[in-house]
Amino acid sequence: MNNLQARFRSMESYQQDSLQRDSLRRTGQYFSFPIRGYSTSAIGGTHGEGYKGTGFDLFDYNVRGSHPAQDIFVNDRNQDNIDDRTGKPVDILAMSRGLVLAIETDWKPGSDYRGGNWIWVYDPTLHGLFYYAHNSEVDVSPGQWVKAGEKLAEMGRSGFNAYKSRSPTHLHLMYLQIQPNGLPQPLNTYEWLLTARPSK
Ligand SMILES: [Zn+2]
């Protein structure tokens, strides 16, 4: 990712400085809300308190009680991955422009992997990674650029815990900021979600 960052910065299109990026984020011009037809009221909890950042280590597969993510819930009482209001699957959309780095598409019930069918998207403007988990279907491939608001997947219940009936159907959205030392650090996306543009 540091190499990607260096390449991206050397491209002519990379004009914004960090101040401009901050103002973009504040004005709501930067992020798209990651679920079509839904907005901030679908975020778990009342003030984004579902985020628990401490204890998480990306590399040892032990979350230690942390939940460095926001869960965003949809109307799916019978847990069939179909939106009860629209009768259709729920589209997962890219929060921002980025490069799809990796996907999982082969999760099966019984697997103890938590994320299910997931997507990692690297945003070179923010120099960070978005992780979209529990999808039923993934519609992008590694190496593909996506725009903010572009469809990535359809929401599902894949993942060890997400598949259980006690778990309402949701998107698990995580963002990892790449630190100067190259290591990823979870960052709460709640404020970003509040300013994100909803998609109909
Ligand atoms: Zn979650």
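Scroll up for the structure.
Residues numbered from 1 in each chain as written. Predicted model: local features only at pLDDT ≥ 70, side-chain atom pairs only at ≥ 80, totals over all residues. Heavy atoms only, no water.

Enquirer: Would you mind going over the overall build of the protein chain in detail, with residue names and values included?
Expert: Scanning the protein chain from N- to C-terminus turns up three helices and nine strands. Ordering the α and β elements of the protein chain from the N terminus gives α-α-β-β-β-β-β-β-β-β-β-α. A compact globule built from 200 residues would reach a C-alpha radius of gyration of about 16 Å, and the protein chain, at 16 Å, matches this within 12%. Structurally, the protein chain occupies a C-alpha span of about 50 × 40 × 30 Å along its principal axes. (Helix = DSSP H or I, 4+ residues; strand = E, 2+ residues; numbered from the N terminus. Rg over C-alpha atoms; globule rule 2.2 N^0.38 Å.)

Enquirer: Would you mind going over the coordination of the zinc ion in detail, with residue names and values included?
Expert: On the protein side, the zinc ion has His-67 (NE2), Asp-71 (OD), Asp-71 (OD) and His-172 (ND1) as donor atoms, found 2.0 to 2.8 Å from it. Coordination at the zinc ion is irregular: its four donor atoms span angles of 51 to 158° at the metal. All donor residues of the zinc ion come from one chain, and their arrangement in sequence is H-x3-D-x100-H. A residue pair is termed long-range when its members are at least 10 positions apart, and His-67 in the loop between helix H2 (18-26) and strand E1 (70-73) and His-172 in strand E8 (residues 170-178) qualify at 105 residues. (Donors = N, O, S within 2.8 Å, 3.2 Å for Na, K, Ca; no water. Tetrahedral: all angles 85-135°; square planar, octahedral: opposite > 155°, others 65-115°.)

Enquirer: How would you summarise the nonpolar core if you had to cite specific residues and measurements?
Expert: Counting 32 residues, the largest nonpolar core has Ile-35, Ile-119, Phe-130, Tyr-132 and Leu-152 as its most contacted members. Broken down by secondary-structure element, the contributors of at least two residues to this core are strand E4 (117-123), strand E5 (128-138), strand E7 (151-155), E8 and helix H3 (190-195). Dropping the residues within four chain positions of it, Ile-35 is found in contact with Ile-72, Val-74, Val-90, Asp-91, Ile-92, Leu-93, Met-155 and Leu-171. (Core = buried A, V, L, I, M, F, W, Y, C linked by side-chain atoms within 4.5 Å. Buried < 20%, exposed > 50% of the residue type's maximum accessible area, 1.4 Å probe, protein only. Contact = heavy atoms within 4.5 Å.)

Enquirer: Can you break down the side chain of His-170 residue by residue, with the values?
Expert: Looking at where His-170 falls in the secondary structure, it is placed in strand E8. On the basis of relative accessible area, His-170 is assigned to the buried category, the value being 7%. Only 2.8 Å separates the side chain of His-170 from the backbone oxygen of Pro-168, close enough to count as a polar contact. The contact partners of His-170, leaving out residues within four places of it in the chain, are Asp-71, Ile-72, Phe-73, Ala-133, His-134, Met-155, Gly-156 and Ala-162. (Polar contact = N/O pair within 3.5 Å; in protein donor to acceptor, adjacent residues only side chain to side chain.)

Enquirer: Break down the environment of Pro-89 for me, citing the residues and quoting the values.
Expert: Counting through the fold element by element, Pro-89 comes out in the loop between E1 and strand E2 (91-93). Once the C-alpha coordinates of Pro-89 and Met-155 are considered, the two residues, 66 residues apart in sequence, prove to be 6.9 Å apart.

Enquirer: Any chance you could break down the pattern of salt bridges for me, citing the residues and the numbers?
Expert: Any two side chains of opposite charge can pair, on the condition that their charged atoms come close. Tallied over the entire structure, the rule returns seven salt bridges. Between Lys-151 and Asp-91 there is a salt bridge; the shortest N-O distance is 3.2 Å. With Lys-151 in strand E7 and Asp-91 in strand E2, the pair connects residues that are 60 residues apart, well separated along the chain. On the basis of relative accessible area, Asp-91 is assigned to the buried category, the value being 15%. The shortest N-O distance in the salt bridge between Lys-108 and Asp-106 comes to 2.6 Å. By sharing partners, the salt bridges in this structure join Arg-36, Asp-91, Asp-139, Lys-151 and Glu-154 into a single network. (Salt bridge = Lys/Arg side-chain N within 4 Å of Asp/Glu carboxyl O.)

Enquirer: Tell me about the packing of aromatic side chains, residues and numbers included.
Expert: For the structure on display, the rule yields 10 aromatic pairs. Above the plane of the ring of Tyr-38 lies Arg-85, whose end atom (NZ or CZ) is 4.5 Å from the centre. (Phe/Tyr/Trp six-rings, centres within 6.5 Å; stacked < 30°, edge-to-face > 60°. Lys NZ or Arg CZ within 6 Å of the ring centre and 35° of its normal.)

Enquirer: Summarise unusual backbone geometry; cite the residues concerned and give the values.
Expert: One non-glycine residue, Gln-79, lies in positive phi territory at about 55°. Turning to its location among the elements, Gln-79 is positioned in the loop between E1 and E2. The phi dihedral of Asn-81 falls on the positive side, at around 70°, and the residue is not glycine. As for its placement among the helices and strands, Asn-81 is situated in the loop between E1 and E2. Judged by relative accessible area, which is 22%, Asn-81 ranks as partly exposed.

Enquirer: Now, about the pairing of E8: what can you tell me, with residues and values included?
Expert: Buried residues dominate E8, accounting for nine of its nine residues. Neither face of E8 is open: one carries His-170, His-172, Met-174, Leu-176 and Ile-178, the other Leu-171, Leu-173, Tyr-175 and Gln-177, and all of them are buried. In terms of strand pairing, E1 meets E8 through four bridges, oriented antiparallel. Bridged to Asp-71 within E8 is His-172. Two strands pair when backbone bridges link them, and E5 and E8 are joined in this way by six bridges, in the antiparallel orientation. The partner of Leu-129 across the bridge, within E8, is Leu-176. (Pairing = 2+ DSSP bridges.)

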